[in-house]
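Listed here are the chains, written in short residue letters.
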Amino acid sequence: MPEAPSALSDDSSFDENNKKLLQFFENITTNADEVQKKVLNEILSRNAGVEYLQRHGLNGKTDYETFKKIMPLVTYEDLKPDIDRIADGDRSSILCSQPISEFLTSSGTSGGERKLMPTVEEELGRRSLLYSLLMPVMDQFVPDLHKGKGMYFLFIKSEAKTPGGLLARPVLTSYYKSSYFKKRPYDPYTNYTSPNETILCLDSYQSMYSQILCGLCQNTQVLRVGAVFASGFIRAIRFLEKHWPILCNDIKTGSLNPQITDPEVREAVMKILKPNPKLAEFIETECCKESWKGIIPRLWPNTKYVDVIVTGTMSQYIPTLNYYGNDLPLVCTMYASSECYFGINLNPLCKPSEVAYTLIPTMGYFEFLPVAREDEGAEKANTYDKNDLVDLVDVELGHEYELVVTTYAGLYRYRVGDILKVAGFKNKAPQFHFVCRKNVALSIDSDKTDEVELHDAVVKASIHLLPFEASLTEYTSFSDTSAIPGHYVLYWEINKSSETIIPTTVFQDCCLTIEESLNSVYRQCRVSDKSIGPLEIKVVENGTFDKLMDYAISNGASINQYKAPRCVKYAPIIELLNSRVIANYFSPKCPNWVPGHKQWCSS
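The model shown is predicted, which means the values in this text are computed figures rather than measured ones.

## Considerations on the pairing of strand β3 (residues 149-153)
Point 1. Burial runs high along β3: five of the five residues are buried.
Point 2. Sheet topology places β3 next to strand β6 (residues 222-229); five bridges connect them, and they run parallel. Within the sheet, the bridge partner assigned to Phe 153 lies in β6 and is Ala 227.

Below is the structure:
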C-alpha cells in the first residue's frame, strides 16, 4: 500500500511536504477497497497464530472471505476475560502477536470502570501519521499557519499499572508522554505556546496556569487556539477570568507566581516570561471590561479559528464558544478513539453541524453495521448481525451505521459504539457525520453515562427515602453546562405517605450515592480533573411528570407509547421542570476515586 512521507524536517520543505502528504491521502482514498483488504490481510497474517483467532476457527487463514464468514461481532464484555488475563500478566499471544505495550483507558465504561484497550508500540506511529495530515488540510483553507503558533491547552491524566505491570492510561496521555510527542521534529502544527513541561505536569492547576501564562506572553504569535474538547477550552477561559490579576502581575514583573512549584515547569516558563508592563496593562484593560464577549480575539488578535471537538455531546458548548470567540470559526479536525484513530475533516471551516470525517483506510479495517431506519423500528434493529456488515466502500449515502473495527493491536470486529451517518465520499472513501455515542444519556466532559447506569444509581440512592415513608415517583436528568464546570441535574418527583420532613442531609446522601455509583471516568472528572461540578437533585411538585406527559402529547406523542424521558435536552421541557422545582440539593463532597480499577487497588 502507499507509504506515508517522512516527517517534516524544516520550514523550507513545508509546502513540498504538504503536497506529498495530500498526495498520499489522495492515493489511499482512491484505492480505498484495495487498501482495506491489504490492511485486513496484514492484520490476520501477523496475528495468524494468536489464541483468539484460533479459538474462533480461523486456523491461520488470512483471506477476506473466511474472516467474514467465521469471525463474530463482539463488544467489550466479550473480550473482557482475555483482556483481564493480559492485565494480570499473561504474556502469551492471546489477542496479538506483538507484545501489548500498554492499555489505553477508554471513556466508555464497563461495570463502572474504564475499558482497557490493548495497544502495541507501532500504533503510536499510526496516530502520528493522522496528526501529520491535519496541517496540510488546514493550510488549504487558512494559509501561513506555519508562520505563527498554536495556543492549545493540553493535559495529561493519572495513570495506573495493572497487576501484571502494564501501564493503563488515556490515549492522549500515552501520546503526550511518548517520544513521538516529546522529541517530535519541527512541525508547524505542533508548534505550541505551551512548553512540553507545562503539558506534562500532572498538577492540573499548575499546568493550566502555566499554559495560559505562556499563551498570554506570546499573544501576538498565536494564530489558532484550542483544546481537545470544547469543555476543556472553555474551562481554560473561565480559569483566566478568575486568575487574570495574578497572571498580569507575573507578566508585569517577569516573576512566576510561587504557587507554581514544579521545578521543570518553572524553568520552562521562565525561558518565555520576561518583564512586560505594556502587555500586562493591555491584558488588564481587556479583562476589566464589563463584557467578556470576544475575549479570545481581543487578547489574541491574530487568531484565525478555535480548534476543538464540538460534535456529539460537545455541541452544547457552541453558544459559549461563539460568545468568547466572537464567532471565530469552530474547527473539528479529527475523529479518534482509544480503540483506533479513524479520520479527518477535509472541510474544516464548515459549520459544526456539517462536520464530516473522511475515514483513513490505512488506520484499521472498518466495517459498518446498519442502524434501523425510523420506519423499520427497534425490532428490525435487533435482527442485524455480522451477515449485515458492510465494507468501507459499500456504505450508502444518507444511511446510518454503527462503526465496527479490526485493529493491528488485537481487536477483531469490535463494536466501537459510535453511530455515524454517511455524508459523502472522498474518492472511494466515505465521509461520516458523527450522530451520537450509542446509549449515552449524560455527558459534561469526557464522561459518558448511559440510561441503565443512571437508573441503577438512582434506584440505589432512592433507598435513603424509605425510612421517611417516601418513595421516588419519577425522575429525569439534564447535563447543565450553563456554568463551568457543568454538572448533572436530576429532577425527582417524590411521593410521601406521611408529613415527616425529610432532612436536607438525606437528599445530600442521595446525591453522593448516585455519584459513588457512577463510572470511574465521571468520578475522575469530579475528583482529579475538577471538570464536573457536584451532582444536583431538584425536587419538583407532585404532578410535574403528568404535565410533562401532557406537553409531549400536545406536541404529537402517542399517549399509548409515552414514557418519561430519562434525559432531557429540549429547552421548553427544562423550563417546565425548573418552573416546578420546590427544593434543590447538591452532593456534599466528592465521590471516592483512585487511578486504576477497584480490584487492583484492593489487592
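## Focus on the pairing of strand β15 (residues 414-426)
Point 1. Inspection of the sheet shows strand β14 (residues 400-406) paired to β15 by five bridges, in the antiparallel sense. Paired with Glu 400 across the strands is Lys 421, a residue of β15.
Point 2. The pairing of β15 with strand β16 (residues 429-437) spans eight bridges and is classified as antiparallel. Looking at the pairing, Lys 426 lines up with Ala 429 of β16.
Point 3. The turn joining β15 and β16, which pair antiparallel and follow one another in sequence, is formed by two residues; a positive phi near 55 degrees is taken by Asn 427.

## Notes on the environment of Val 371
Point 1. The residue Val 371 is located in the loop between β12 (365-370) and α16 (377-381) in this model.
Point 2. In this structure Val 371 comes out as partly exposed when scored by relative accessible area, which is 26%.
Point 3. With 30 residues separating them in the primary sequence, Val 371 and Tyr 401 have C-alpha atoms 5.0 Å apart.
Point 4. If sequence neighbours within four positions are ignored, Val 371 has contacts with Tyr 384, Glu 400, Tyr 401, Glu 402 and Ile 419.

## Things to note about the sheet that holds strand β20 (residues 487-496)
Point 1. Strand order in the open sheet made by the four strands is β19-β20-β21-β22, with mixed pairing throughout. For this open sheet the edge positions go to β19 (470-480) and β22 (581-586), each flanked by a neighbour on one side alone. Sheet twist, expressed as the average angle between the axes of neighbouring strands with direction ignored, equals 25 degrees.
Point 2. Here strand β21 (residues 536-540) runs beside β22; their pairing, made up of five bridges, is antiparallel. Bridge pairing links Val 539 to Ala 583 in β22.

## Quick word on the nonpolar core
Point 1. Of all hydrophobic cores here, the largest spans 171 residues; its most connected members are Phe 233, Phe 366, Trp 492 and Ile 514.
Point 2. Broken down by element, this core gets its largest block of residues, 11 residues, from helix α11 (residues 230-253).
Point 3. Core analysis: the next-biggest nonpolar cluster, separate from the first, contains 11 residues, Val 540, Ala 564, Val 568 and Leu 577 among them.

## Observations concerning the domain arrangement of the protein chain
Point 1. Each assigned domain of the protein chain is listed with its residue range as follows: domain 1 (1-140 + 332-437), domain 2 (141-331) and domain 3 (440-586).
Point 2. Computed over C-alpha atoms, the centres of domain 2 and domain 3 are 34 Å apart.
Point 3. Summing both sides of the interface, domain 2 and domain 3 together bury roughly 1,100 Å²; the carbon and sulfur share of this comes to 45%.
Point 4. On the surface where domain 2 and domain 3 come into contact, there are two salt bridges.
Point 5. One salt bridge connects Asp 445 with Arg 235, and the closest N-O pair in it is separated by 3.7 Å.
Point 6. Linking domain 2 to domain 3 there are three residue pairs in polar contact (both at pLDDT 80 or more).

## A closer look at the sheet that holds strand β13 (residues 390-391)
Point 1. Sheet architecture is open: eight strands sit in the order β9-β10-β11-β16-β15-β14-β12-β13, paired in antiparallel fashion. Every interior strand has two partners, whereas the edge strands, β9 (334-336) and β13, have only one.
Point 2. Here β12 pairs with β14 via six bridges, running antiparallel. When the sheet's bridge partners are listed, Glu 367 is paired in β14 with Val 404.
Point 3. Against the sheet, helix α6 (residues 123-141) engages β9 and β10 (341-345), with an angle of about 0 degrees to β10.

## Observations concerning the pattern of salt bridges
Should their charged atoms come close, side chains of opposite charge can pair.
Point 1. Enumeration according to the criterion identifies 30 salt bridges in this entry.
Point 2. Arg 55 is the salt-bridge partner of Asp 82, the closest N and O atoms lying 2.9 Å from each other. A residue pair is termed long-range when its members are at least 10 positions apart, and Asp 82 in helix α5 (residues 76-87) and Arg 55 in helix α3 (residues 51-55) qualify at 27 residues.
Point 3. Judged by relative accessible area, which is 5%, Asp 82 ranks as buried.
Point 4. One continuous salt-bridge network, built from bridges that share partners, spans Glu 42, Arg 46, Glu 122, Glu 123 and Arg 126.

## Concerning the packing of helix α1 (residues 14-30) against α6
Point 1. Across the interface, α1 lies against α6 with an axial gap of 9 Å and an inter-helix angle of 110 degrees. It follows from the interaxial angle that α1 and α6 lie roughly perpendicular. Contacts between α1 and α6 involve Phe 14, Asn 18, Leu 21, Leu 22, Phe 24 and Phe 25 from the first element and Leu 129, Ser 132, Leu 133, Met 135, Pro 136, Val 137, Asp 139 and Gln 140 from the second.
Point 2. Tallied by class, the residues present in the contact of α1 with α6 amount to 10 nonpolar, three polar and one charged.

## Section: the packing of aromatic side chains
Point 1. Following the criterion strictly, the structure yields 21 aromatic pairs and no others.
Point 2. Ring geometry for Tyr 335 and Phe 342: centres 4.8 Å apart, planes at 40 degrees, overall tilted.
Point 3. Here Tyr 335 falls in the buried class, since its relative accessible area comes to 7%.
Point 4. Members of the aromatic cluster, joined through ring pairs, are Tyr 131, Tyr 152, Tyr 175, Tyr 176, Phe 181, Tyr 192 and Tyr 341.
Point 5. Sitting over the ring of Phe 181, Arg 184 keeps its end group 4.2 Å from the ring centre.

Calculation criteria
Residues numbered from 1 in each chain as written. Predicted model: local features only at pLDDT ≥ 70, side-chain atom pairs only at ≥ 80, totals over all residues. Heavy atoms only, no water. Buried < 20%, exposed > 50% of the residue type's maximum accessible area, 1.4 Å probe, protein only. Helix = DSSP H or I, 4+ residues; strand = E, 2+ residues; numbered from the N terminus. Pairing = 2+ DSSP bridges. Contact = heavy atoms within 4.5 Å. Axes fitted to C-alpha atoms, helices over the stretch in contact; angles between N-to-C directions. Core = buried A, V, L, I, M, F, W, Y, C linked by side-chain atoms within 4.5 Å. Domains from an automatic or database assignment. Buried area = accessible area lost by both parts, 1.4 Å probe. Salt bridge = Lys/Arg side-chain N within 4 Å of Asp/Glu carboxyl O. Polar contact = N/O pair within 3.5 Å; in protein donor to acceptor, adjacent residues only side chain to side chain. Parallel < 35°, antiparallel > 145°, perpendicular 65-115°, else oblique. Nonpolar A, V, L, I, M, F, W, Y, C, P; charged D, E, K, R; others polar. Phe/Tyr/Trp six-rings, centres within 6.5 Å; stacked < 30°, edge-to-face > 60°. Lys NZ or Arg CZ within 6 Å of the ring centre and 35° of its normal.

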